[in-house]
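Structure assessment
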Amino acid sequence: MRSQEPRASSSCAACKFMKRRCTLNCLFAPYFRADEPKKFAKVHKVFGASNVTKILNEVPEPQRQDAVNSLVFEAEERLKDPVYGCIGAIASLQDKMFQLQHDLAVAKARLARCSTRTSYASCSTTSPFSMLDGEFGMTPFDIFVVDQGCGLTNEFRQHPFP
C-alpha cells in the first residue's frame, strides 16, 4: 500500500498548499504527493480540505486511492464546466454512445441488404439511404440529417412532398 511507504522529509502537496507541517501520519500524503501540487489545489478549490478529510476518514483504507481519483476527476470537470461538472462529461459520452449505436445499426442493416444481393457490385453502387427503405419503419422520403464530421444522427426530416 502507498500509505505504508516511507516518505522523504518534504511535505506532501496538501500540506504545502495549506502551509502547514506534514506529519508522518498525514492523511493526505499517500494520495497527494509533493510533485503534484495542482492535483490537491483543484480538489481543495472545489471541495475544501475539511470536506476531503471527512471523506477520506469515512472511506476504508483500501478504497481511498479510488476515492481520491474520483475527487480529482470531479474537481477537474467542475472547474472546466461549473454548471454541469462531471455530469456534463457523462452526458456527452452517453450521447456519443447512442450516436455510435445508431451508426452501427445503420451499417448492420446495409450489410444485411448487401449480403442478400447476388453480387457485391450491385450493392456498392446503391446509395446507403435507398438501401434502408422499409427498414426501421421508414418511408422512402425519410432522410438522415448529417452532422458535420459525426456521421448519421437519429434525427429525421420529412421530405416536403411525397
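Source: prediction; values computed, not measured. (Residues numbered from 1 in each chain as written. Predicted model: local features only at pLDDT ≥ 70, side-chain atom pairs only at ≥ 80, totals over all residues. Heavy atoms only, no water.)

What about helix H4 (residues 64-80)?
- With 17 residues, H4 ought to run about 24 Å at 1.5 Å a step, and its terminal C-alpha atoms sit 24 Å apart, in line with that.
- Considered for burial, the residues of H4 that qualify are Arg64, Ala67, Val68, Leu71, Val72, Ala75 and Glu77.
- Elements in contact with the buried residues of H4: helix H2 (37-47), helix H3 (49-58) and helix H5 (86-116). (Helix = DSSP H or I, 4+ residues; strand = E, 2+ residues; numbered from the N terminus. Expected span 1.5 Å × (residues − 1). Buried < 20%, exposed > 50% of the residue type's maximum accessible area, 1.4 Å probe, protein only. Contact = heavy atoms within 4.5 Å.)

Looking at a nonpolar patch on the surface
- A grouping of Val83, Tyr84, Ile87 and Ile90 is seen on the molecular surface, where their side chains present a nonpolar patch of about 440 Å² in accessible area.
- Its place among the elements puts Ile90 in helix H5.
- By relative accessible area, which is 46% here, Ile90 ends up partly exposed. (Patch = residues over 30% accessible without salt bridge, like charges linked within 9 Å, V, L, I, M, F, W, Y side chains within 5 Å. Areas by Shrake-Rupley, 256 points an atom, 1.4 Å probe, with all protein chains shown as cover. Salt bridge = Lys/Arg side-chain N within 4 Å of Asp/Glu carboxyl O.)

Some words on the environment of Thr23
- With respect to the secondary-structure elements, Thr23 resides in the loop between helix H1 (13-18) and H2.
- A polar contact is formed between the side chain of Thr23 and the side chain of Asn25, at a distance of 2.9 Å. (Polar contact = N/O pair within 3.5 Å; in protein donor to acceptor, adjacent residues only side chain to side chain.)

With respect to the packing of H3 against H4
- Where H3 contacts H4, the axes come no closer than 9 Å and their chain directions differ by 150°. In terms of their interaxial angle, H3 and H4 are classed as roughly antiparallel. Between H3 and H4 lies a crossing whose hand is right-handed. Contacts between H3 and H4 pair Val52, Ile55, Leu56 and Asn57 from the former with Arg64, Val68 and Leu71 from the latter.
- Class assignment for the residues of the contact of H3 with H4 results in five nonpolar, one polar and one charged. (Axes fitted to C-alpha atoms, helices over the stretch in contact; angles between N-to-C directions. Parallel < 35°, antiparallel > 145°, perpendicular 65-115°, else oblique. Left-handed = near helix turned anticlockwise from the far one by under 90°. Nonpolar A, V, L, I, M, F, W, Y, C, P; charged D, E, K, R; others polar.)

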